[in-house]
Amino acid sequence: MAMDNKGWNASQLRNCDLQFDEIPRLHHNDPKVDELMSENKPVVVLGSNLAKSAEKWDLDYLERHMGESDFTVFQSKSHKFKYYDDKKVTSGDGFVPPTKKLDMKLPEFIKRLRAWKKGEDRLYLQQGLNNTVGPAIVHDFLNFDWNFCTGKQSKHNWGSLTSNLMLIGMEGNVTPCHYDEQENLFAQVHGFKRCILFPPDQFECLYPHPVHHPHDRQSMVDFDRPDYNKFPKFRQAKGFETVVGPGEVLYIPMYWWHHVESLMQGSYTVSVNFWYKGGPVSVSYPLKGHQKVAVMRNVEKMLLDVLQDPKEIPVLLRAMVLGRYT
Ligand SMILES: CC[C@@H](CC(=O)C(=O)O)C(=O)O
Ligand SMILES: [Zn+2]
């Protein structure tokens, strides 16, 4: 396959009906980086050393140094790894988990990753970095450019760092479109990932599952085969995209929707994210998109609390709105 000078080419991207604008790709010293971050807009930061100490994290190195503990590995019969909150699975609700959550030692994971053939179940290691990893990985972790990310944390009034998720994925793996309630500096370490982002105010075009559902925060739309009868507004979604490669950092603002795919016919991918709590809420009217999402989440939670039966929520909301606020 002819690689463009970027190290990948468009044939490695999955088909999507929508057209996207490009997410800006700026040098870490460019003042526009902080301008965009302060406006809660995504930006790819080039040339930072945020996770430079991890650039040697290839499979051999990780196998030697990740330690003996079990790591969280998701297994999927398809290329999709749609997250679900097992605490929201209630017996008899008919929910069928789309992935299996396994505990696996790293050598086993790497053996299966190397032996994997198209069509077989896929694996995706998603493990919070903690003190169970070997000393060399701890050393690399301590050598992340903490001045860079802590600098962003304080300049943009983010809350505390909650976790760093290490991700090791197979070529072609997809994390379907969802939003997180945290600020995210997403450091790409090995291989290439295409990231499609939508602002929080596209809520109506992306149809998130109800808050009480195990797939809370995840879009109901299957990007591979959108059901335009059920989700007609998906056609109007206006997104942004980029492909991040080794050494590049994507700022994913809190509440921004993101779909992440490891390029097809590419190598395995390694990423490390930095999730920060949101900062203090400054209220000005009209509320921003992400603040309206937070309001809607609180209304859904309160209604379930008082009504108990989720089926009563749409009935009450329709009675409240249709013919009165329309
Ligand atoms: C969690 C998996 C996903 C990244 C992401 O959604 C995030 O960092 O918030 C990915 O890279 O596949
Ligand atoms: Zn996410």
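Anything mentioned here points back to the structure above.
The rules behind the values
- Residues numbered from 1 in each chain as written.
- Chains lettered and ligands numbered in written order.
- Predicted model: local features only at pLDDT ≥ 70, side-chain atom pairs only at ≥ 80, totals over all residues.
- Heavy atoms only, no water.
- Axes fitted to C-alpha atoms, helices over the stretch in contact; angles between N-to-C directions.
- Helix = DSSP H or I, 4+ residues; strand = E, 2+ residues; numbered from the N terminus.
- Parallel < 35°, antiparallel > 145°, perpendicular 65-115°, else oblique.
- Left-handed = near helix turned anticlockwise from the far one by under 90°.
- Contact = heavy atoms within 4.5 Å.
- Nonpolar A, V, L, I, M, F, W, Y, C, P; charged D, E, K, R; others polar.
- Near = heavy atom within 4 Å.
- Polar contact = N/O pair within 3.5 Å; in protein donor to acceptor, adjacent residues only side chain to side chain.
- Areas by Shrake-Rupley, 256 points an atom, 1.4 Å probe, with all protein chains shown as cover.
- Buried < 20%, exposed > 50% of the residue type's maximum accessible area, 1.4 Å probe, protein only.
- Pairing = 2+ DSSP bridges.
- Arc of directions from axis to C-beta.

## Digging into the packing of helix α7 (residues 289-307) against helix α8 (residues 312-321)
- It is the contact of α7 with α8, at a shortest axis distance of 10 Å, that shows an interaxial angle of 110°. Between α7 and α8, the interaxial angle falls into the category roughly perpendicular. Handedness of the crossing formed by α7 with α8: right-handed. For the pair α7 and α8, contact is made by E300, L303, L304 and L307 and by E312, I313, L316 and L317, respectively.
- When grouped by side-chain class, the residues that make up the contact of α7 with α8 number six nonpolar, no polar and two charged.

## Considerations on the site of ligand 1
- The immediate surroundings of ligand 1 are formed by 13 residues, with Y124, T175, D180, N184 and K193 found nearest.
- Contact between ligand 1 and D180: an oxygen atom at 2.9 Å from a side-chain N or O atom of the residue.
- Side-chain polar atom of H258 to an oxygen atom of ligand 1: 3.2 Å apart, as the coordinates give it.
- Surface burial for ligand 1 is 96%, taken as the share of its 330 Å² of free accessible area covered by protein chains.
- Secondary-structure elements contributing two or more residues to the shell around ligand 1 are β7 (161-169), β8 (174-178), β9 (183-190), β13 (257-262) and β14 (269-276).
- Taken together, the residues that form the shell around ligand 1 break down as six nonpolar, five polar and two charged.

## Section: the pairing of strand β4 (residues 70-76)
- Of all seven residues that make up β4, six are buried, and the element is covered over most of its length.
- Sheet topology places β4 next to strand β5 (residues 99-105); seven bridges connect them, and they run antiparallel. By the bridge assignment, T72 is partnered in β5 with D103.
- Here four bridges tie β4 to strand β6 (residues 122-128), and the two strands are oriented antiparallel to one another. The residue of β6 that forms the bridge with S76 is R122.

## Things to note about the sheet that holds β8
- Strand order in the open sheet formed by five strands is β1-β11-β10-β13-β8, and the pairing between neighbours is mixed. In the strand order of this sheet, the two ends are held by β1 (20-22) and β8, each with one partner. Neighbour-to-neighbour, the strand axes of this sheet turn through a mean angle of 25°, independent of strand direction.
- Bridge count for strand β10 (residues 193-198) against β13 is six bridges, and the pairing is antiparallel. In the sheet register, K193 faces β13, and the bridge partner there is S262.

## Comments concerning helix α5 (residues 146-155)
- Along α5, the positions that sit buried rather than exposed are F148, C149, K152 and Q153. For α5, the buried positions fall inside an angular range of 130° around the axis, keeping them on one side. Exposed and oriented more than 90 degrees from the buried face of α5 are N147, S154 and K155.
- Tucked into the core, α5 has its buried residues touching α1 (31-38), β3 (43-46), β7, β9 and β14.
- Capping the start of α5, D145 holds a side-chain oxygen 3.2 Å from the backbone nitrogen of N147, two or three residues further along.
- Of the residues trailing α5, N157 is marked for its positive phi of about 55°.

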